[in-house]
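Listed below, chain by chain, are the residues.
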Amino acid sequence: MPSLLLALPLLVIALLLGQPAWRAWRQRQLATQPFPAFWRRVLQRRMPLFRRLPPDLQQHLRQRMQAFLAEKAFIGCRGLEVTEEMRVLIAAQACLLVLQRPLSELDRVRQILVYPGAFVVRRRHTDAAGVVSEANEALSGESWHEGQVILSWDDTLASAAEPHDGYNVVVHEFAHQLDDALGLSTDLEAEAPSGDWARTVGAAWRELVEAVDRGEAPFLDPYGATAPEEFVAVVSEAFFEQGPELAQAHPALYEAFSRLYRLSPHVW
Ligand SMILES: [Zn+2]
C-alpha cells in the first residue's frame, strides 16, 4: 500500500509533465548507456566524416544516435532486411543535423524505409503548355511530410564513404524533415522577407536560380534551384561535406547555416 501511495503522485506528475518530459528523461537515460562496440566499428570503418569530428562532437553524436535508434522504426523494402550496420549508418548521418539542436526537432520522422538501391516512382509532370504526362523516375531518397524518409542503401553507403563531394542523401532527406519542423524554406520566396535567415538564404537561392538560368556551373548543386526547400537541403549537404569551400564561395550563406546548425564544419 505505501508503494502505491508513492507511485500515484509520481504517475500524476508524469501525466502533468506530459510526453516531452518523459522522452527527455528517457533520452538522458539512453545517453548514459555504453555505446556498443559494433556501432563504434561501423562509424570508424564506414564514415570518415565521423573520424574528422572533434572528440566532444563525436561523443555528442553517439548520444544522439542512441536516442534516435531507440525511437525510430526502420522498414526494409523490396525484400531488404535492415541490418544493424544500416541503422547505425543512417542514424549517424541523420543526427548530424541535430548534433547541436534538440533531437525533438526530428520527432516528426516516424518511419525510415530502406530500399537496397535506387527506387522507381511514377511522377506526374505538367509542361508549360499545361500538358500532363507521367513518367518513371529513379530516386536515391525521398522525404514525406507525413513523417517518412525513404532511402536507397547503396546511396546511403556511398554518401557516408565520400565526405567531400557535397552529396549526402541522408543529410538531404532529413534536412527536408527539419525544414518541415522549423519552416526553414517558408519565406525564402517572399518579396521583402522579415528576418536575417530568410533575407540571406532567399538572396542566395535567387542567385543560384539566376546562375542556372544563365547556364553557368555554380558551386552549389543546380538541383537546389528547383525550389526553396531543395535549396535548404542542397546547402545542408554542402555545409556538412564542403564547409571550407561553402564558407569561401558564399560566406553569408555559410554563416546562416552555421547559426542554424550551431556548428563550424569549415574547421573540421
Ligand atoms: Zn529534396
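Residues numbered from 1 in each chain as written. Predicted model: local features only at pLDDT ≥ 70, side-chain atom pairs only at ≥ 80, totals over all residues. Heavy atoms only, no water.

Asker: Outline unusual backbone geometry, listing residues and values.
Answerer: If you check the backbone angles, Arg78 has positive phi at about 50 degrees while not being a glycine. Relative to the elements of secondary structure, Arg78 occurs in the loop between strand 1 (73-76) and helix 5 (84-95). Here Arg262, not a glycine, exhibits a phi torsion of approximately 55 degrees, which is positive. Tracing the sequence through the fold places Arg262 in the segment after helix 11 (251-261). Residue class for Arg262 comes out partly exposed when judged on its relative accessible area of 46%. (Helix = DSSP H or I, 4+ residues; strand = E, 2+ residues; numbered from the N terminus. Buried < 20%, exposed > 50% of the residue type's maximum accessible area, 1.4 Å probe, protein only.)

Asker: How would you summarise the packing of helix 7 (residues 169-182) against helix 9 (residues 228-241) if you had to cite specific residues and measurements?
Answerer: Packed helices, taken two at a time, are described by their axes: the angle between them and the distance between them. Where helix 7 meets helix 9, the closest approach of the two axes is 8 Å, and the angle between their N-to-C directions is 130 degrees. In terms of orientation, helix 7 and helix 9 fall into the oblique class. In this structure, helix 7 crosses over helix 9, and the sense of that crossing is right-handed. Along the contact surface, helix 7 presents Val169, Val171, His172, Ala175, His176 and Asp179, while helix 9 presents Glu229, Glu230, Ala233, Val234, Ser236, Glu237 and Phe240. (Axes fitted to C-alpha atoms, helices over the stretch in contact; angles between N-to-C directions. Parallel < 35°, antiparallel > 145°, perpendicular 65-115°, else oblique. Left-handed = near helix turned anticlockwise from the far one by under 90°. Contact = heavy atoms within 4.5 Å.)

Asker: Tell me what's going on with the sheet that holds strand 5 (residues 141-144), and back it up with residues and numbers.
Answerer: Strand order across the open sheet formed by four strands is 1-2-6-5, with mixed pairing between neighbours. Strand pairing shows two members of the sheet lacking a second neighbour, strand 1 and strand 5, which therefore form its edges. This sheet shows a mean twist of 15 degrees between the axes of neighbouring strands, independent of strand direction. Bridging between strand 2 (residues 111-115) and strand 6 (residues 148-152) involves five bridges; their strand directions are parallel. Each bridged residue has a counterpart across the sheet, and for Val114 the counterpart in strand 6 is Leu151. Running at roughly 170 degrees to strand 6, helix 7 makes contact with strand 2, strand 5 and strand 6 of the sheet. (Pairing = 2+ DSSP bridges.)

Asker: Would you mind going over the coordination of the zinc ion in detail, with residue names and values included?
Answerer: Donor atoms from the polypeptide that coordinate the zinc ion comprise His172 (NE2), His176 (NE2), Glu230 (OE) and Glu230 (OE), at 2.0 to 2.8 Å from the metal. Coordination at the zinc ion is irregular, judged from the four donor atoms that bind it and the angles of 51 to 143 degrees they form at the metal. For the zinc ion, all donor residues lie on one chain, and their spacing in sequence is H-x3-H-x53-E. Placement of the pair is His172 in helix 7 and Glu230 in helix 9, with a sequence separation of 58 residues. (Donors = N, O, S within 2.8 Å, 3.2 Å for Na, K, Ca; no water. Tetrahedral: all angles 85-135°; square planar, octahedral: opposite > 155°, others 65-115°.)

Asker: Give me the pattern of salt bridges: which residues, what numbers.
Answerer: Applying the stated criterion across every chain, the model contains nine salt bridges. A salt bridge links Arg122 to Glu134; the shortest N-O distance between them is 3.0 Å. With Arg122 in strand 3 (residues 119-126) and Glu134 in strand 4 (residues 132-139), the pair connects residues that are twelve residues apart, well separated along the chain. On the basis of relative accessibility, which here comes to 41%, the residue Glu134 falls in the partly exposed class. Among the ionic pairs, Arg124 bridges to Glu134, the shortest N-O distance being 3.5 Å. With a gap of ten residues between them, Arg124 in strand 3 and Glu134 in strand 4 connect regions that are remote in the sequence. (Salt bridge = Lys/Arg side-chain N within 4 Å of Asp/Glu carboxyl O.)

Asker: Lay out helix 9 in plain terms, naming residues and giving numbers.
Answerer: Along its 14 residues, helix 9 runs 20 Å from first to last C-alpha, staying within 8% of the 20 Å computed at 1.5 Å per residue. Of all 14 residues that make up helix 9, 13 are buried, and the element is covered over most of its length. (Expected span 1.5 Å × (residues − 1).)

Asker: Break down the side chain of Arg101 for me, citing the residues and quoting the values.
Answerer: Looking at the secondary structure, you find Arg101 in the loop between helix 5 and strand 2. Side-chain polar atoms of Arg101 contact the backbone oxygen of Leu260, separated by 2.8 Å. In this structure, Arg101 is in contact with Arg64, Leu182, Leu260, Tyr261 and Arg262, ignoring residues within four places of it in sequence. (Polar contact = N/O pair within 3.5 Å; in protein donor to acceptor, adjacent residues only side chain to side chain.)

Asker: Can you tell me about the packing of helix 2 (residues 37-46) against helix 5, naming the residues and giving the values?
Answerer: Two numbers describe how helix 2 lies on helix 5: the axes approach to 10 Å, and their chain directions differ by 65 degrees. As for the relative orientation of helix 2 and helix 5, their crossing is right-handed in sense. Two secondary-structure elements touch here, helix 2 through Phe38, Trp39, Val42, Leu43, Arg45 and Arg46 and helix 5 through Glu84, Glu85, Val88, Leu89 and Ala92. Grouping the amino acids of the contact of helix 2 with helix 5 by side-chain chemistry returns seven nonpolar, no polar and four charged. (Nonpolar A, V, L, I, M, F, W, Y, C, P; charged D, E, K, R; others polar.)

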